[in-house]
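Per-entry structural report
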Amino acid sequence: MSAVRPSVTLRALAGWILVGLLLGCGFGGAALLAVRISAAPVAPTTPALTVIPLPTVTATPTPAPTQAAAQTPTAQPGGIPSGASVAEGMLVEVIGTGADGLRLRAAPGLQSATNLIAVENEVFEIRDGPSEADGQSWWYLVNPYDNSKYGWGVAEYLQPAGG
């Protein structure tokens, strides 16, 4: 019978076990490192700020008055220009009220109930008028974008829209 050398087999087995442990530790360490890298906090980004310069005023030459300009209707102090053809369907805007606004009333006259206080530069469509009451001309106005805003307003605080 031949002699079996068990020490060689155990030595080989011990070597393979050592290689397995080293490979296992290597893969395990790599896996832990990958988990740690993916869980690393992300630095917050700083939002970019774009500075937009303010517009500058550019002087424009004023044209000399012409005869055609002299024939255009003159504006009443803060109101619809005298001689302007004001009619139903025309768009007007509220002017000259400052922070007080224009009271739009249920009927022409200062004693009538206030429906709404229109703000400066708010645009309305003329639907009726003029009607004279309390020494003033009144126009029935409706907001073209919101029909729930309506009432009679004094002509003194109206001008053609865009005027």
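Here the structure is a predicted model, which is why all the values come from computation and not from measurement.

Observations concerning the overall build of the chain
Along the chain, the regular secondary structure elements total two helices and seven strands. Helices and strands in the chain line up, N terminus first, as α-α-β-β-β-β-β-β-β. Considering only contacts in the chain between residues 6 or more positions apart, those separated by 24 or more positions represent 52%. For the chain, the exposed surface amounts to about 12,100 Å²; the carbon and sulfur share of it is 63%.

Section: the side chain of Ser 112
Mapped onto the fold, Ser 112 is located in the loop between β2 (102-105) and β3 (114-118). Classification of Ser 112 as buried rests on a relative accessible area of 16%. Engagement of the side chain of Ser 112 in a polar contact is seen with the backbone nitrogen of Ala 107, the distance being 2.8 Å. Those residues within four positions of Ser 112 in sequence are excluded, and the remaining contacts are Arg 105, Ala 106 and Ala 107.

Some words on the side chain of Thr 97
With respect to the element layout, Thr 97 can be found in the loop between β1 (91-94) and β2. What makes Thr 97 buried here is its relative accessible area of 8%. Those residues in contact with Thr 97 that sit more than four places away from it in its chain are Leu 102, Glu 120 and Tyr 157.

Quick look at unusual backbone geometry
The omega torsion across Gly 129 and Pro 130 is 0°, close enough to zero to call that bond cis. Summarising the element assignment, Pro 130 is placed in strand β4 (residues 123-133). The residue Asn 121 is not glycine, and still its phi comes out positive at about 75°. Its location among the elements puts Asn 121 in the loop between β3 and β4. Located in the positive-phi region is Asp 134, a residue other than glycine, with phi close to 55°. Considering the arrangement of structural elements, one finds Asp 134 in the loop between β4 and β5 (136-142). By relative accessible area, Asp 134 is classed as partly exposed at 48%.

Looking at the pattern of salt bridges
Applying the stated criterion across every chain yields a total of two salt bridges. Lys 149 is the partner of Glu 122 in a salt bridge, and the nearest nitrogen-oxygen pair spans 3.4 Å. Of this pair, Glu 122 sits in the loop between β3 and β4 while Lys 149 sits in the loop between β5 and β6 (150-154); the two residues are 27 residues apart in sequence, bridging distant segments of the chain. Arg 127 is the salt-bridge partner of Glu 125, the closest N and O atoms lying 3.6 Å from each other. On the basis of relative accessibility, which here comes to 35%, the residue Arg 127 falls in the partly exposed class.

A closer look at the nonpolar core
Core analysis: the largest hydrophobic core is formed by 12 residues, namely Met 90, Val 92, Val 94, Leu 102, Leu 104, Ala 118, Phe 124, Ile 126, Trp 139, Leu 141, Ala 155 and Leu 158. Residue assignment for this core shows that the elements contributing at least two residues are β1, β2, β4 and β5.

A look at the confidence of the model for the chain
On average, the chain scores 76 in pLDDT, and the residues at 70 or more come to 66%. Counting interchain partners and residues more than four positions distant, the pLDDT-below-50 stretch residues 67-77 has 10 contacts.

Quick notes on the environment of Met 90
Tracing the backbone through its elements, the reader meets Met 90 in the loop between α2 (67-70) and β1. Met 90 gets classed as buried once you look at its relative accessible area, which sits at 19%. Taking C-alpha positions, Met 90 is 9.8 Å from Leu 141, a pair spaced 51 residues apart along the chain.

Rules behind the numbers
Residues numbered from 1 in each chain as written. Predicted model: local features only at pLDDT ≥ 70, side-chain atom pairs only at ≥ 80, totals over all residues. Heavy atoms only, no water. Helix = DSSP H or I, 4+ residues; strand = E, 2+ residues; numbered from the N terminus. Contact = heavy atoms within 4.5 Å. Areas by Shrake-Rupley, 256 points an atom, 1.4 Å probe, with all protein chains shown as cover. Buried < 20%, exposed > 50% of the residue type's maximum accessible area, 1.4 Å probe, protein only. Polar contact = N/O pair within 3.5 Å; in protein donor to acceptor, adjacent residues only side chain to side chain. Salt bridge = Lys/Arg side-chain N within 4 Å of Asp/Glu carboxyl O. Core = buried A, V, L, I, M, F, W, Y, C linked by side-chain atoms within 4.5 Å. pLDDT = per-residue confidence, 0-100.

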